[in-house]
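# Close look at the chain arrangement
What follows is each chain in one-letter form.
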Amino acid sequence: MEYFISILPSLIPILAGGVLFSAFILSSRMRLFSLISWFRIQSILLAAYVAFLGVTLGEATLYATAVLIILAKVIFVPMMLAYIAERPGVSQRLESYVRPAVSALLAGALIAAAFFAARVYTLPHADYTIIAASFSLVLIGFLLLITR
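Fair warning: this is a prediction, and the values are worked out from it, not measured in the lab.

With that settled, consider the overall build of the chain. Along the chain, the regular secondary structure elements total five helices and zero strands. Order of helices (α) and strands (β) in the chain, N terminus to C terminus: α-α-α-α-α. With the principal axes as the frame, the chain shows a C-alpha extent of 55 × 35 × 20 Å. Going through the 148 residues of the chain one by one, you find that 30% of them count as buried. Partitioning the contacts of the chain with sequence separation of at least 6, the portion at a separation of at least 24 is 71%. As displayed, the chain has an accessible area near 9,200 Å², and 73% of this comes from carbon and sulfur atoms.

This part takes up the layout of surface pockets. Volume-wise, the largest pocket comes out at about 210 Å³. In terms of lining residues, the largest pocket is bounded by A23, L26, L32, L35, I36, F39, Q42, L81, L144 and R148. Those elements that place two or more of their residues in the lining of the largest pocket are α1 (2-28) and α2 (32-57). Tallying contributions element by element places α2 first for the lining of the largest pocket, with five residues. In the lining of the largest pocket, the residues fall into eight nonpolar, one polar and one charged.

The next subject is helix α4 (residues 100-120). Spanning 21 residues, α4 covers 30 Å between terminal C-alpha atoms, matching the ideal 30 Å at 1.5 Å per step. Along α4, the positions that sit buried rather than exposed are S103, A104, A107, I111, A114, A117 and A118. Around the axis of α4, the buried residues are gathered within 145° of arc, so they sit on the same side. Away from its buried face, by an angle of more than 90 degrees, α4 presents the exposed residues A101, L105, F116 and R119.

What follows covers the nonpolar core. Counting residues in hydrophobic clusters, the biggest one holds 17 residues, and the most contacted among them are A16, L20, Y49, V50, I130 and I140. For this core, the elements supplying multiple residues, two or more each, are α1, α2, α3 (60-85), α4 and α5 (128-147). The contacts of I130, once residues within four sequence positions are left out, are I12, P13, A16 and Y49.

Its location among the elements puts S43 in helix α2. Here F39 takes part through its backbone oxygen, which lies 2.9 Å from a polar atom of the side chain of S43.

Okay, the packing of α2 against α3 next. For the pair α2 and α3, interaxial distance at closest approach is 8 Å and the crossing angle is 175°. When the axis of α2 is compared with that of α3, the two are roughly antiparallel.

With respect to the element layout, T122 can be found in the loop between α4 and α5. Exposure remark for T122: the relative accessible area of 57% places this residue in the exposed category. In the structure, T122 is positioned 10 residues away from A132 in sequence and 9.7 Å away in space, judged by C-alpha atoms.

The rules behind each value
- Residues numbered from 1 in each chain as written.
- Predicted model: local features only at pLDDT ≥ 70, side-chain atom pairs only at ≥ 80, totals over all residues.
- Heavy atoms only, no water.
- Helix = DSSP H or I, 4+ residues; strand = E, 2+ residues; numbered from the N terminus.
- Buried < 20%, exposed > 50% of the residue type's maximum accessible area, 1.4 Å probe, protein only.
- Contact = heavy atoms within 4.5 Å.
- Areas by Shrake-Rupley, 256 points an atom, 1.4 Å probe, with all protein chains shown as cover.
- 1 Å grid on protein atoms, 1.4 Å probe; cavity = no way out; pocket = protein on both sides within 12 Å on 5 of 7 lines; lining within 4 Å.
- Points joined across faces, edges and corners; volume = space filled by probe spheres on them.
- Nonpolar A, V, L, I, M, F, W, Y, C, P; charged D, E, K, R; others polar.
- Expected span 1.5 Å × (residues − 1).
- Arc of directions from axis to C-beta.
- Core = buried A, V, L, I, M, F, W, Y, C linked by side-chain atoms within 4.5 Å.
- Polar contact = N/O pair within 3.5 Å; in protein donor to acceptor, adjacent residues only side chain to side chain.
- Axes fitted to C-alpha atoms, helices over the stretch in contact; angles between N-to-C directions.
- Parallel < 35°, antiparallel > 145°, perpendicular 65-115°, else oblique.

Okay, here's the thing in structure tokens:
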């Protein structure tokens with residue numbers, strides 16, 4: 001058990017990268033059920049990230065947060081989105097101002113810009129990968145809001 005706890009800090013940036021990768025994939029998807037599936041995957045990775053962080057830091061509130069993420073973002077929200085998507089007249093393909101390949105290219109450029117900005121503006125007690133992935137997620141979220 002101690003070995004597992006000792007390797008958890010090295011898994012946390014990997015999970016942050018997984019969340020970032022799933023956001024990149026979300027930026028290039030246009031089918032509604034594909035988006036719901038990738039949203040669920042991203043939420044599972046986020047819950048694992050929070051749970052591993054809770055084990056590493058020894059914070060019980062992070063365990064509760066991970067459980068709430070699973071209940072809300074992994075179970076409830078995708079179930080409601082799928083229920084709404086199955087209604088007659090709901091388009092299964094989302095409209096976008098740009099093509100999926102262009103959206104993926106823009107997301108990649110935003111990720112590169114976020115990693116550059118995280119290197120320039122370092123914080124004293126923060127992991128570079130975590131800061132860059134967080135900044136990238138915010139930028140990709142803005143991209144999805146603007147293009148869709």
